[in-house]
Amino acid sequence: MNKRKSRIIAFAMLVIGVCFIAVALNNPQLSWPWSNTITYFLYFVYLLGMAVLFIAPFKEKK
């Protein structure tokens, strides 16, 4: 994956994440059908994936 695609995907993930947070804050009655532990794990994996896509293009090739 080239640098441009990686950054575009990471930026799209960031925008989707911000939209999700906006919807979640305006609808506190909604919830996931599983425990909070699983939910937090999924959030962490999403953030980690987004961070990797943002940081990967800056890593130098050997």
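Provided above is the structure to which this section pertains.
Now for a look at the structure at hand. In this text, all values refer to a predicted model and were calculated from it rather than measured experimentally.

**Details of the overall build of the protein**
Line of reasoning, step 1. Within the protein one finds two helices and zero strands.
Line of reasoning, step 2. For 62 residues, the compact-globule estimate of 2.2 N^0.38 gives 11 Å, and the C-alpha radius of gyration of the protein, at 15 Å, exceeds that figure by more than 25%.
Line of reasoning, step 3. Principal axes of the C-alpha set define a box for the protein whose edges measure 50 × 20 × 15 Å.
Line of reasoning, step 4. Residue burial in the protein is summarised as follows: out of 62 residues, 13% are buried.

**Details of the packing of helix α1 (residues 3-26) against helix α2 (residues 36-55)**
Line of reasoning, step 1. At a minimum axis distance of 8 Å, the contact between α1 and α2 shows a crossing angle of 145°. α1 and α2 meet at a crossing whose hand is left-handed. Residues Ser 6, Arg 7, Ile 9, Ala 10, Phe 11, Met 13, Leu 14, Ile 16, Gly 17 and Phe 20 of α1 form the contact with α2, whose participating residues are Tyr 43, Tyr 46, Gly 49, Met 50, Leu 53 and Phe 54.
Line of reasoning, step 2. Considered class by class, the residues forming the contact of α1 with α2 number 12 nonpolar, three polar and one charged.

**Observations regarding α2**
Line of reasoning, step 1. Spanning 20 residues, α2 covers 28 Å between terminal C-alpha atoms, matching the ideal 28 Å at 1.5 Å per step.
Line of reasoning, step 2. Within α2 the residues assigned to the buried category are Thr 39, Met 50 and Leu 53. For α2, the arc enclosing every buried residue in end-on projection is 65°, short of the 170-degree limit, so these residues lie on one face. Across from the buried face of α2, at angles greater than 90 degrees, the exposed residues are Thr 37, Tyr 40, Phe 41, Phe 44 and Ile 55.
Line of reasoning, step 3. Among the structural elements, α1 are those in contact with the buried residues of α2.

**Description of the packing of aromatic side chains**
Line of reasoning, step 1. Enumeration according to the criterion identifies two aromatic pairs in this entry.
Line of reasoning, step 2. Centroid distance Tyr 40 to Tyr 43: 6.5 Å. Interplanar angle 50°. Geometry classified as tilted. With Tyr 40 and Tyr 43 both in helix α2, this residue pair falls three residues apart, about one helical turn.
Line of reasoning, step 3. Given a relative accessible area of 53%, Tyr 40 falls into the exposed group.
Line of reasoning, step 4. Using a relative accessible area of 34% as the deciding quantity, one classes Tyr 43 as partly exposed.
Line of reasoning, step 5. Clustering of aromatic rings is evident, with ring pairs tying together Phe 20, Tyr 40 and Tyr 43.

**Considerations on α1**
Line of reasoning, step 1. Over its 24 residues, α1 runs 35 Å from end to end, which matches the ideal 34 Å to within 8%, given 1.5 Å per residue.
Line of reasoning, step 2. Looking only at α1, the buried set comprises Ser 6, Ala 10, Met 13 and Gly 17.
Line of reasoning, step 3. Packing partners of the buried residues in α1 comprise α2.

Cut-offs used in this document
Residues numbered from 1 in each chain as written. Predicted model: local features only at pLDDT ≥ 70, side-chain atom pairs only at ≥ 80, totals over all residues. Heavy atoms only, no water. Helix = DSSP H or I, 4+ residues; strand = E, 2+ residues; numbered from the N terminus. Rg over C-alpha atoms; globule rule 2.2 N^0.38 Å. Buried < 20%, exposed > 50% of the residue type's maximum accessible area, 1.4 Å probe, protein only. Axes fitted to C-alpha atoms, helices over the stretch in contact; angles between N-to-C directions. Left-handed = near helix turned anticlockwise from the far one by under 90°. Contact = heavy atoms within 4.5 Å. Nonpolar A, V, L, I, M, F, W, Y, C, P; charged D, E, K, R; others polar. Expected span 1.5 Å × (residues − 1). Arc of directions from axis to C-beta. Phe/Tyr/Trp six-rings, centres within 6.5 Å; stacked < 30°, edge-to-face > 60°.

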